[in-house]
Amino acid sequence: MPEHTGFLTFLLAHLPGLRENAKNLGHTFIGHEPMSYHSVEPIFSSMIILLVFIGMSIAVRGKFRRLDESVVPDDRLSLRTFFEAFFGYFYNMAKDVMGPENAKRYFPLIGGAAGFIFFSNVSGLIPGFSPPTSSLNVTLGCALLVFLSFNIWGIKQNGWSYIAHLAGPKWYLAPLIFPIEVISTCVRPITLSVRLMVNIAVDHLIASVFFGLVAIFLPLPVMMLGLIVIVVQTLVFCLLSSIYIGLATEHHHAEHH
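From a predicted model like this one, the values you see are computed outputs, not experimental measurements. (Residues numbered from 1 in each chain as written. Predicted model: local features only at pLDDT ≥ 70, side-chain atom pairs only at ≥ 80, totals over all residues. Heavy atoms only, no water.)

A few words on a nonpolar patch on the surface. Where nonpolar side chains cluster on the molecular surface, the patch consists of Leu136, Leu140, Leu144, Ile183, Val187, Ile190, Val194, Val198, Val202 and Ile206 and spans about 720 Å² of accessible area. Those elements that place two or more of their residues in the nonpolar patch are α7 (136-158) and α9 (174-213). Per-element tally for the nonpolar patch: the top contributor is α9, with seven residues. In this fold, Leu136 is placed in helix α7. (Patch = residues over 30% accessible without salt bridge, like charges linked within 9 Å, V, L, I, M, F, W, Y side chains within 5 Å. Areas by Shrake-Rupley, 256 points an atom, 1.4 Å probe, with all protein chains shown as cover. Salt bridge = Lys/Arg side-chain N within 4 Å of Asp/Glu carboxyl O. Helix = DSSP H or I, 4+ residues; strand = E, 2+ residues; numbered from the N terminus.)

What follows is the structure, given as structure tokens:
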């Protein structure tokens, strides 16, 4: 995907302190060859998104600690009502997919992914800001976290049955079915990360092109379409993650005849 130059890239390239930090970060990740500012920018922007997200979460949690405010909902749209509606929707989605018990147990991962991906995607609507999720490094990191989590939880819940069910119900079909199931399971983080990265990167590229052509009024319809892409891609990532967790943690009965 093409690289986009945002204001953070400009700061990394011109401010001495940030420039040195970017170079050191490049040496840390890949040894002696420094990473380009375009490659380091998604890492810094992800950190900014996380800090903003954590700050908003702390502010909302502080309001919930007051009993009177936590019982009576706000009569207007606020940060608290937005968080209630946002995470309430994803919790209900996880509950429909995994069931109430598993949704309550595993929702921290789904809710955290929903918040990070949504706010990362939305940051692309800010002029001069490149969304972290337009980088494969960021989306692959999110997908690998989901991949490791549902496999660990699957083994924890089902033990040997989680591995045995990949071989199919009949022992004589195991040599054929087991490799197919292993490959299809290992492909999941790739499809999760590439789908999210491509959609957000292309959406950001199109919006940038229109914004560069005409900076007033014309980009607004494109930004509205981009907002739809942002919401849909957040929903798709979290829905598929919920399905993977649900499939991994359901009780498997290895019956090999």
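Another aspect to go through is empty space enclosed by the protein. Applying the stated criterion across every chain yields a total of two cavities of 30 Å³ or more. Forming the walls of the largest cavity are Asn121, Gly124, Leu125, Pro131, Ile200, Asp203, His204, Ala207 and Ile230. Counting residues per element, the lining of the largest cavity draws most heavily on α9, which supplies four residues. A breakdown of the residues in the lining of the largest cavity according to their chemical character gives five nonpolar, three polar and one charged. For the second largest cavity, the calculated volume is near 30 Å³. Lining the second largest cavity we find Leu192, Arg195, Leu196, Gln233, Val236 and Phe237. (1 Å grid on protein atoms, 1.4 Å probe; cavity = no way out; pocket = protein on both sides within 12 Å on 5 of 7 lines; lining within 4 Å. Points joined across faces, edges and corners; volume = space filled by probe spheres on them. Nonpolar A, V, L, I, M, F, W, Y, C, P; charged D, E, K, R; others polar.)

This brings us to the UniProt feature "transmembrane region" (unreviewed entry) in the protein. UniProt annotation of "transmembrane region" (unreviewed entry) refers to residues 43-60, 106-126, 138-155, 196-218 and 224-247 when read in the numbering used here. A helix fraction of 100% and a strand fraction of 0% characterise residues 43-60, whose end C-alpha atoms lie 26 Å from each other. Helix makes up 100% of residues 138-155 and strand makes up 0%, while its end C-alpha atoms are separated by 26 Å. (UniProt positions renumbered as here; feature names shortened; annotations may be inferred.)

Before going further, it helps to spend a moment on the pattern of salt bridges. One pass over the structure, following the stated rule, counts two salt bridges. The salt bridge partner of Glu84 is Arg80, with a shortest N-O separation of 3.2 Å. Placement of the pair is Glu84 and Arg80 together in helix α5 (residues 79-98), with a separation of four residues, close to one helical turn. Judged by its relative accessible area of 32%, Glu84 falls in the partly exposed class. A residue is classified by how much of its surface remains accessible, and Arg80, at 2% relative accessible area, is buried. (Buried < 20%, exposed > 50% of the residue type's maximum accessible area, 1.4 Å probe, protein only.)

Counting residues in hydrophobic clusters, the biggest one holds 39 residues, and the most contacted among them are Phe83, Phe90, Phe119, Phe150, Leu192, Phe237 and Ile245. Of all elements in the fold, only α3 (37-64), α5, α6 (100-122), α7, α9 and α10 (219-249) reach the threshold of two or more residues within this core. Broken down by element, this core gets its largest block of residues, eleven residues, from α6. (Core = buried A, V, L, I, M, F, W, Y, C linked by side-chain atoms within 4.5 Å.)

Two numbers describe how α6 lies on α7: the axes approach to 12 Å, and their chain directions differ by 175°. Compared by their axis directions, α6 and α7 come out roughly antiparallel. Of the residues in α7, those in contact with Arg105, Tyr106, Leu109 and Phe116 of α6 are Val138, Cys142, Leu145, Val146, Ser149, Trp153 and Gln157. The residue makeup of the contact of α6 with α7, split by class, is eight nonpolar, two polar and one charged. (Axes fitted to C-alpha atoms, helices over the stretch in contact; angles between N-to-C directions. Parallel < 35°, antiparallel > 145°, perpendicular 65-115°, else oblique. Contact = heavy atoms within 4.5 Å.)

Its location among the elements puts Ser57 in helix α3. Taking the relative accessible area as the measure of exposure, Ser57 reaches 26% and is therefore partly exposed. Put simply, Ser57 and Arg80 are 23 residues apart on the chain and 9.0 Å apart in space, counted from C-alpha to C-alpha.

Turning to α5, a few remarks are in order. Between its terminal C-alpha atoms α5 stretches 28 Å, which fits the 28 Å expected from 20 residues at 1.5 Å a residue. For α5, the set of buried residues is Arg80, Thr81, Phe83, Phe86, Phe87, Phe90, Met93, Ala94 and Met98. The first or second residue beyond α5 is Gly99, which carries a positive phi of 95°. (Expected span 1.5 Å × (residues − 1).)

It is worth spelling out the packing of aromatic side chains at this point. How two aromatic rings sit relative to each other is given by the distance of their centres and the angle of their planes. Summed over all chains, the structure comprises 18 aromatic pairs. For the pair Phe53 and Phe119, a centre-to-centre distance of 5.7 Å together with 40° between the ring planes defines the contact as tilted. You can see Phe53 sitting in helix α3 and its partner Phe119 sitting in helix α6, a full 66 residues away along the chain. Residue classification places Phe119 among the buried residues on the basis of a relative accessible area of 16%. Arranged with centres 4.4 Å apart and planes meeting at 35°, the rings of Tyr106 and Trp153 form a pair that is tilted. With Tyr106 in helix α6 and Trp153 in helix α7, the pair connects residues that are 47 residues apart, well separated along the chain. Residue classification places Tyr106 among the buried positions, given a relative accessible area of 3%. Joined through ring pairs, the aromatic side chains of Phe53, Phe82, Phe83, Phe86, Phe87, Tyr89, Phe90, Phe118 and Phe119 make up one cluster. (Phe/Tyr/Trp six-rings, centres within 6.5 Å; stacked < 30°, edge-to-face > 60°.)

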